[in-house]
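Secondary and tertiary structure notes
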Amino acid sequence: MAHAQTRAELLAAIDAILDAGRATGELRADVTAEDIAASLIGIFTVAPLPEHDARASRLLNLLMDGLRATR
């Protein structure tokens, strides 16, 4: 039960951030909180150790670039 509640709270927080970014036109409209959570889990899975910091940073940059709205 705690896991489900934590997941729901995390997704709600991500939704709030996405909504704010969409409202300013900075973020794409088609990205969901679930998309972000899955992407972050993937990044954490492939770059969990300190020696993988460069990879994690690169992957996070790719994620952030992909979230930007096209103008």
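Higher on the page you've got the structure.
What this report covers is the structure whose coordinates are included nearby. Note that this is a predicted model, so its numbers are computed, not measured. (Residues numbered from 1 in each chain as written. Predicted model: local features only at pLDDT ≥ 70, side-chain atom pairs only at ≥ 80, totals over all residues. Heavy atoms only, no water.)

Thoughts on helix α1 (residues 2-23)
The line we're drawing: A helix here means a DSSP run of H or I that spans at least four residues, while a strand means a run of E at least two residues long, and both kinds are numbered starting from the N terminus. By this rule, a helix spans an expected 1.5 Å times one less than how many residues it contains. Residue exposure (1.4 Å probe, protein chains only): buried if accessible area is under 20% of the type maximum, exposed if over 50%, otherwise partly exposed. Picture the helix axis, draw a direction to every C-beta atom, and the arc is the one those directions span. Every residue pair with non-hydrogen atoms within 4.5 Å of one another is taken to be in contact.
For α1, spanning 22 residues, the distance from its first C-alpha to its last is 31 Å, which sits close to the expected 32 Å at 1.5 Å a residue. Those residues of α1 not exposed but buried are L11, I14, L18 and G21. Viewed along the axis of α1, the buried residues span an arc of 75°, placing them on a single side of the element. Residues of α1 that are exposed and point over 90 degrees away from its buried face: A2 and A23. Looking at the buried positions of α1, the neighbouring elements they touch are α2 (33-46). Count one or two residues on from α1 and you reach G25, which has phi positive near 80°.

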